[in-house]
Every structure is written in C-alpha cells, then in structure tokens.
Amino acid sequence: MTTITLTIDGKEVKGEQGDTILEVCKRNGIDVPTLCHFDGLAERGLCRMCLVEAKGERGFVPACTTEARDGMEVTTENEKLTALRRANLELLFSEKNHFCMFCEMSGDCELQNLAYRYGMDHVRYDYSWPKLPVDATRKYFLFDQNRCILCRRCVRACEELAGHGVLGLKDRGPKTLVCADLDYTFGESTCVSCGTCLQVCPTGALVDKKSAYLGREIHFDRTKSACTFCSVGCGIEILTRDGLPVRIEGDWEAEPSHGILCVAGRFEPLYEARKRIKHPMARCGSSLVEVSWEEALSLTAEAIKGVGGPSAVTGIISPRATNEAASAFKRLFDENAHSTTPPKTTAGDGKLSDIEEGDWIFIAGADLDEEFRVVSSFVKRAVNRGAKAAVSGSAGERVDKKAAKILAEDDVAGLEKLIAESERPVFVWGPATHPTVVKYLQGLKNKIKQIGLAAGANNRGLEKAGINPLCESSTREALYLLIADDVVSCEIEEKARKAKTLIIQSSYINEIAERADVIFPSPPWFERSGTYTNTEGRLCRLNRACKHPKGALSDEEIVDAVRRLLR
C-alpha cells in the first residue's frame with residue numbers, strides 16, 4: 001500500500017492510499033465523533049457528526065466518506081464544527097423522544113454521550129415527537145421507534161454482516177421509519193432473531209428484554225468465551241451481574257464469525273427453563289436424595305466395580321463437553337467411550353472465511369437455517385455481495401431462496417459441471433450429505449476448498465480424543481452418561497430406561513434423571529472453562545463467567561476422581 005502524509009489538527013500523520021479521513025484519524029488516535037459509522041459497515045455519511053474542515057474543499061466534508069489525499073490539511077475541532085455538531089444533536093433530540101431518564105440505554109447511549117461532549121444542555125427547537133409504535137412482538141427484544149435516529153446501522157448490519165436483509169426503510173422525509181420486510185412487525189417478518197441489529201444500535205431503539213434496566217455497562221462484568229451450542233464456535237462476550245449471566249454479545253474481534261451470532265447462541269441460553277442440578281444426588285429406595293461429593297463418588301466407584309469395572313460400562317458423552325472432559329472420559333472408559341453424535345464429517349481444508357472469497361458456494365447435507373445458522377449468514381452474505389449458491393437437496397428454506405441452482409441431493413454430474421465452470425468454488429457439507437456426493441468430494445481433496453460441518457458442538461474434540469459415535473452393539477446394561485447441559489435424545493433416553501446401572505453427569509434435571517443411581521451436577525455453559533475444537537479444527541477457549549457453587553467440580557475433575565477410586 002502507498003503511504004500518504006496528512007496534517008490533521010496541526011499534526012503530521014500517516015495513512016494509506018484509499019483511506020477515508022476518518023480511517024486516517026482512527027489509525028492515529030484522533031477521535032472524530034460519529035453516530036452512523038460502525039466498523040465493518042459500508043459508510044453512508046448520514047449523521048453528519050463527523051463533518052470536518054479540509055483546506056481547499058467547499059464547505060465541511062464528512063470524514064467517513066471523504067477520501068484522504070496526500071498533503072491534505074484537516075481540522076476536526078474548532079468553534080464552527082462544535083456549533084454545527086451541537087445543532088445537529090439538538091435536531092435529533094427535538095425530532096423524537098430522547099428523554100434519557102426513561103430510556104434503558106441512559107448512561108450507555110452514544111447519542112447521550114455526544115450531547116454531554118458538546119455541552120448540549122437545552123434544545124432551541126420545538127419538539128415534534130410524533131407518537132410512534134413500540135414493536136414488542138419478538139420474544140427476545142423490542143424496537144422503540146421513538147428512540148431511533150435513523151442512522152441505518154441496523155439496516156446495514158442486517159444486510160452486510162448477518163446477510164438476512166430483513167430491515168429497510170418506509171416513507172420519506174420526516175415520516176421515514178425503519179421497518180421489517182414490507183412493513184411487518186418483527187414477529188410477523190422473516191427476522192431470525194440473530195440480534196445483530198441490537199448490538200450495533202447506538203441508542204435505546206433496539207432493546208434486549210432480558211437485560212433491560214438491570215444496570216449500566218459499568219455494572220456488568222464481561223468475559224470473552226466461545227459459544228457452545230453448535231460446532232461453528234463463535235466468539236462471544238458473556239455479560240454477568242451478581243454471579244448470573246444477563247446478556248450475550250458477539251465478539252467482533254473473534255474468529256470465525258467476528259461478532260455474528262444466531263438466536264441459539266445469543267438469546268436462547270438465557271431463557272433456560274430446566275431445573276438446575278446443584279448438588280450430587282444418589283438413590284435411596286425409590287427416590288433421589290442429596291449426598292456429599294465424597295459419597296457420590298464412592299457410590300459411583302462401587303457401582304462400576306460391581307458390574308465388572310469400566311470395561312463392563314458403556315460411557316456416553318455429549319459433544320457439549322470440553323476437550324479436557326473428553327480426554328478424561330476416554331482415560332476412564334477407553335474403547336467403551338462413545339459420543340451421542342452421528343458418524344463424523346471430514347473437516348476438509350477450508351475455513352468458514354473462505355465462503356467470503358468464493359464465486360460459487362455449494363451446500364450439501366445440512367439445514368443451515370436450523371443447524372448451522374451462522375454458516376447460513378456466511379452464505380447469504382456472500383450471495384448479497386455477488387457470489388452464487390448451489391444447493392444439493394435443501395439447505396433450509398431461507399438459503400434455498402438465495403440459491404442460483406437447486407440440484408438433486410445425489411446429482412454429482414450437476415455439481416461437477418458447476419464446479420468446472422467456477423473459478424473459486426467452496427463446498428460446504430454436513431452429516432446428511434448423500435454417499436455419492438461424499439465419494440465425489442473425497443476425489444476432489446486438495447483441489448477445491450471443502451468445509452465439513454460437524455454435527456455436535458465439540459464433535460471434532462471428541463473425535464480427536466478417540467471417542468467414536470455410539471452404535472447398537474456397543475451398549476451395555478451399565479451406562480455412564482456425561483450429558484453436560486445438552487438435551488437428552490430419544491435414543492439415549494431409551495437406552496437409559498433399559499440400563500440396570502445408571503450414572504449421570506448433567507447440568508439440569510432431565511427425562512432420565514428419575515432412574516439414575518447417582519447424579520453429578522455438571523457445570524452449565526456459563527460456568528464451564530476449557531477448550532472446544534470447532535468444525536474447522538480451530539481451538540476455541542471457553543472461560544468461566546460465573547463461579548461454581550461452593551465445592552463443585554468440573555466435568556473432568558468428576559471423571560478423574562471416579563477413575564482414581566477404581567485403581
């Protein structure tokens with residue numbers, strides 16, 4: 001890149017050819033106020049807060065859309081700019097109801113912060129304040145048009161980052177409003193509740209219902225971790241207060257999704273309705289009673305010895321368990337350790353980021369809309385930018401609508417023809433891919449980018465630990481189930497009902513707990529630490545956001561303690 005030299009506020013600074021004035025300022029630690037700007041979104045120059053004075057330019061220019069030139073002299077702050085920015089803020093405050101004392105974002109609002117920054121202690125204009133609707137039809141968040149400043153961040157993020165393209169504008173002039181689809185409520189629209197719009201909103205227009213009015217940013221603790229609800233392994237930040245998780249946000253800096261989440265990662269974990277298991281329990285007659293950790297571990301060891309040791313027990317582990325728990329489980333049960341997920345999908349040599357670079361994206365064997373929602377965002381975002389998608393069978397209704405070609409699930413000839421015509425093909429395939437297509441892909445190894453989607457959150461980690469999928473012939477009358485915070489499948493439930501000896505590690509009471517001989521409390525997602533291996537083979541770090549209950553053990557500590565007692 002060609003380096004350019006500018007003078008900004010009397011100081012000589014460096015930038016790169018093609019940078020905007022705002023980008024040069026950011027590179028050099030110069031703070032220029034913005035409202036419509038958000039890193040990663042296309043610039044629109046809507047809010048006019050970043051207007052600056054550039055020598056030789058006619059009038060003031062928006063820093064976010066004006067290209068910096070070598071030798072340019074720029075002023076970002078003076079009396080004229082301060083007066084102009086204050087006037088812009090007054091207009092925004094007069095246009096809609098921004099009385100901060102009633103707004104959930106008070107104290108964390110970008111609009112409010114700028115009002116303080118520019119000394120806006122009154123509004124010279126009449127208040128218009130039309131009565132606008134509050135859309136609370138979505139389960140997890142609401143949209144208050146009265147707080148919206150029409151920065152269009154949410155509209156651009158929905159299209160450019162999440163790829164859904166649900167949000168837009170209706171009407172013109174002072175009647176302009178953000179709307180979903182063709183002016184439906186959020187609840188009636190094609191919104192998938194990914195929450196991207198919520199995280200980019202600078203005011204209190206989009207509000208998370210769960211954490212609303214629970215405190216300002218300074219009251220929350222933030223912990224960077226990884227989502228454990230599918231194998232993509234999105235980076236997240238868990239916001240907690242008083243030892244409880246209250247909000248989940250995407251981590252803009254983390255691979256592979258750079259802040260994009262889905263409803264299963266952002267909202268659903270906070271609405272857990274199952275009853276938490278906090279203490280070990282053991283069977284006493286026909287009921288379960290709380291026991292000490294020592295007693296529960298001793299009873300488990302005795303039960304395993306009583307049936308002939310670990311070789312006589314089938315160990316079944318959920319892919320929600322960490323790599324560390326999987327290694328401990330394998331040490332205990334060796335060849336009798338099995339996972340709850342279907343046969344493995346080869347990882348391939350591609351990364352999810354390769355989808356951004358492909359001119360044709362091929363999808364097979366996975367419902368991206370339901371199973372891998374963030375991958376759905378990757379594909380739709382690529383199509384929005386000009387790529388084409390081809391689907392074998394179906395990849396989910398929303399992805400299918402974006403596809404340029406829909407092929408039969410075993411149409412290898414059709415795939416071969418399209419791949420031959422493409423310059424940068426990327427193939428994304430899941431566990432349900434037709435065997436003939438799998439065989440075809442094996443022949444293309446190292447010839448095109450392939451991304452295999454693992455069925456379980458940490459299935460790659462379980463595979464690396466040598467834990468194979470459960471099969472009918474591997475089931476014994478004694479079962480040890482490490483369920484973690486997973487949901488018990490009908491298949492596992494049926495096996496548990498037939499077991500004569502049943503040990504469970506679970507975060508929540510489930511359908512088979514009433515039949516257990518011993519139950520250990522497993523840490524849920526916000527109390528878990530360790531590592532996951534995502535579908536690409538990338539190691540993801542899980543960090544505990546909340547403390548364990550007093551005396552509680554991690555999954556691997558429980559399994560290792562049982563193993564020590566069996567020596």
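See the structure shown above.
Residues numbered from 1 in each chain as written. Predicted model: local features only at pLDDT ≥ 70, side-chain atom pairs only at ≥ 80, totals over all residues. Heavy atoms only, no water.

Engineer: Would you explain the sheet that holds strand β5 (residues 73-75) in this entry?
Structural biologist: Strand-to-strand pairing in sheets goes through backbone hydrogen bonds, with the strands running parallel or antiparallel. Strand order in the open sheet formed by five strands is β2-β1-β5-β3-β4, with mixed pairing between adjacent strands. Where the open sheet ends on each side, the last strands, each with one partner, are β2 (11-16) and β4 (61-62). Summarising the sheet, strand β3 (residues 51-54) and β4 pair through two bridges and their orientation is antiparallel. Bridging from a neighbouring strand, Val 52 pairs with Val 61 of β4. Strands in contact with helix α2 (residues 79-95) are β3 and β5; relative to β3, the strand with the most contacts, it is inclined by about 155°. (Pairing = 2+ DSSP bridges. Helix = DSSP H or I, 4+ residues; strand = E, 2+ residues; numbered from the N terminus. Contact = heavy atoms within 4.5 Å. Axes fitted to C-alpha atoms, helices over the stretch in contact; angles between N-to-C directions.)

Engineer: For this particular structure, what's the right way to read the environment of Gly 187?
Structural biologist: With respect to the helices and strands, Gly 187 occurs in the loop between β9 (177-180) and α5 (196-200). In this structure, the C-alpha to C-alpha distance between Gly 187 and Asp 135, residues 52 residues apart in sequence, is 8.6 Å.

Engineer: How do you make sense of the packing of aromatic side chains when you look at a structure like this?
Structural biologist: Two aromatic rings are characterised by how far apart their centres lie and by the angle between their planes. Taken as a whole and judged by the stated rule, the model has 17 aromatic pairs. For the ring pair Phe 38 and Trp 252, a centre distance of 5.3 Å and an interplane angle of 70° mean the geometry is edge-to-face. Here Trp 252 lies in the loop between β13 (244-250) and α6 (263-266) and Phe 38 lies in the loop between α1 (21-27) and β3, a separation of 214 residues in the sequence. On the basis of relative accessible area, Phe 38 is assigned to the buried category, the value being 16%. Classification of Trp 252 as partly exposed rests on a relative accessible area of 30%. Look at Phe 99 and Trp 129: their rings are 4.9 Å apart centre to centre, the planes differ by 90°, and that puts the pair in the edge-to-face class. With Phe 99 in the loop between α2 and α3 (110-117) and Trp 129 in the loop between α3 and β6 (134-135), the pair connects residues that are 30 residues apart, well separated along the chain. With a relative accessible area of 35%, Phe 99 lands in the partly exposed category. Three or more aromatic residues link up through ring pairs in this structure, and these residues are Tyr 140, Phe 141, Phe 143, Phe 186, Phe 267 and Tyr 271. (Phe/Tyr/Trp six-rings, centres within 6.5 Å; stacked < 30°, edge-to-face > 60°. Buried < 20%, exposed > 50% of the residue type's maximum accessible area, 1.4 Å probe, protein only.)

Engineer: Help me out: how do you make sense of the packing of helix α11 (residues 412-421) against helix α12 (residues 435-443) in this one?
Structural biologist: In helix packing, the relevant descriptors are the interaxial angle and the interaxial distance, both defined with respect to the helix axes. At a minimum axis separation of 10 Å, α11 and α12 run at an interaxial angle of 35°. Every pair of crossing elements has a handedness; the one defined by α11 and α12 is right-handed. Touching Val 412, Leu 415, Glu 416 and Ile 419 of α11 are Thr 436, Val 437 and Tyr 440, all from α12. Class assignment of the residues belonging to the contact of α11 with α12 gives a composition of five nonpolar, one polar and one charged. (Left-handed = near helix turned anticlockwise from the far one by under 90°. Nonpolar A, V, L, I, M, F, W, Y, C, P; charged D, E, K, R; others polar.)

Engineer: So what exactly am I meant to see when it comes to the nonpolar core here?
Structural biologist: Buried together is how nonpolar side chains tend to be arranged in soluble globular proteins. Core analysis: the biggest nonpolar cluster contains 39 residues, and Ile 355, Ile 363, Leu 368, Val 375, Val 379, Val 428 and Leu 453 have the highest contact counts within it. Taken together, the elements giving at least two residues each to this core come down to β12 (235-241), β18 (360-364), α9 (373-384), β19 (388-392) and β21 (425-429). No other element matches α9, which puts six residues into this core. Trp 293, Ala 321, Ala 337 and Leu 566 belong to the second largest nonpolar core, which has 33 residues in total. (Core = buried A, V, L, I, M, F, W, Y, C linked by side-chain atoms within 4.5 Å.)

Engineer: Would you explain the pattern of salt bridges in this entry?
Structural biologist: Opposite charge on two side chains makes pairing possible when the charged atoms of those side chains draw close. As enumerated under the stated definition, the model contains 36 salt bridges in all. With a shortest N-O distance of 3.6 Å, Glu 477 and Lys 500 are connected by a salt bridge. Highlighted residues: Glu 477 in the loop between β23 (468-469) and β24 (478-484) and Lys 500 in the loop between α14 (490-498) and β25 (501-506), separated in sequence by 23 residues. Overall, the relative accessible area of 63% leaves Lys 500 in the exposed class. The partner of Arg 538 in a salt bridge is Glu 536, and the shortest N-O contact between them spans 3.1 Å. For Arg 538, a relative accessible area of 25% translates into the label partly exposed. The class for Glu 536 is buried, based on a relative accessible area of 5%. Each of Glu 217, Arg 222, Glu 237, Arg 247 and Glu 249 takes part in one network of salt bridges that share partners. (Salt bridge = Lys/Arg side-chain N within 4 Å of Asp/Glu carboxyl O.)

Engineer: Even after reading the chapter, I still don't get the sheet that holds β21, so can you show me in this structure?
Structural biologist: Read across the sheet, five strands follow the order β20-β19-β18-β21-β22 without closing on themselves; strand pairing throughout is parallel. Here the strands that pair on one side only, and so sit at the sheet edges, are β20 (405-407) and β22 (449-452). Looking at each pair of strands side by side, their axes are set apart by 15° on average, direction ignored. Bridge analysis of β18 against β19 gives five bridges, and the strand direction is parallel. Paired with Ile 361 across the two strands is Ala 389, which belongs to β19.

Engineer: In this structure, what is going on with unusual backbone geometry? I would like to understand it.
Structural biologist: Among all residues except glycine, the phi angle is most often negative; among peptide bonds, the trans geometry is most common. Residue Pro 256 follows Glu 255 across a cis peptide bond; omega there is 0°. Its location among the elements puts Pro 256 in the loop between β13 and α6. One non-glycine residue, Asp 183, lies in positive phi territory at about 65°. Relative to the helices and strands, Asp 183 is located in the loop between β9 and α5. Phi at Asn 446 takes a positive value of approximately 70°, unusual for a residue other than glycine. Following the sequence through the fold, Asn 446 ends up in the loop between α12 and β22.

Engineer: Please clarify how the pairing of strand β8 (residues 167-170) should be interpreted in this entry.
Structural biologist: Each regular strand carries side chains that alternate between the two faces of the sheet. The sheet contact formed by β8 and β9 spans four bridges and is antiparallel. Counted as the bridge partner of Lys 170 is Leu 177 from β9. Here β8 folds back onto β9 in antiparallel fashion, the turn holding six residues, of which Asp 171 has a positive phi close to 65°.

Engineer: Mind showing me how you'd approach a nonpolar patch on the surface here?
Structural biologist: Together, Phe 99, Met 101, Phe 102 and Tyr 127 make up an exposed nonpolar region whose accessible area comes to about 460 Å². Relative to the helices and strands, Tyr 127 is located in the loop between α3 and β6. For Tyr 127, a relative accessible area of 42% corresponds to the partly exposed category. (Patch = residues over 30% accessible without salt bridge, like charges linked within 9 Å, V, L, I, M, F, W, Y side chains within 5 Å. Areas by Shrake-Rupley, 256 points an atom, 1.4 Å probe, with all protein chains shown as cover.)

Engineer: Explain the environment of Gly 358 to me, please; I cannot follow it from the model alone.
Structural biologist: In this fold, Gly 358 is placed in the loop between β17 (337-339) and β18. Considering only alpha carbons, one finds Gly 358 and Ala 205, 153 residues apart in sequence, at a separation of 36 Å. Apart from residues lying up to four places away in sequence, Gly 358 is in contact with Ala 387, Arg 424 and Val 426.

Engineer: How should I be thinking about α12 in this particular structure?
Structural biologist: An α-helical segment advances 3.6 residues per turn. Residues three or four places apart therefore align on the same side. Buried residues of α12: Val 437, Val 438, Tyr 440 and Leu 441, and no others. Burial along α12 is one-sided: seen end-on, the buried residues are contained in an arc of 160°. Looking at α12, the residues exposed on the side facing more than 90 degrees away from the buried face are Pro 435, Lys 439 and Gln 442. Residues of α12 that are buried make contact with α11, β21 and β22. (Arc of directions from axis to C-beta.)

Everything listed here is a matter of coordinates, which is why it stays silent on function.
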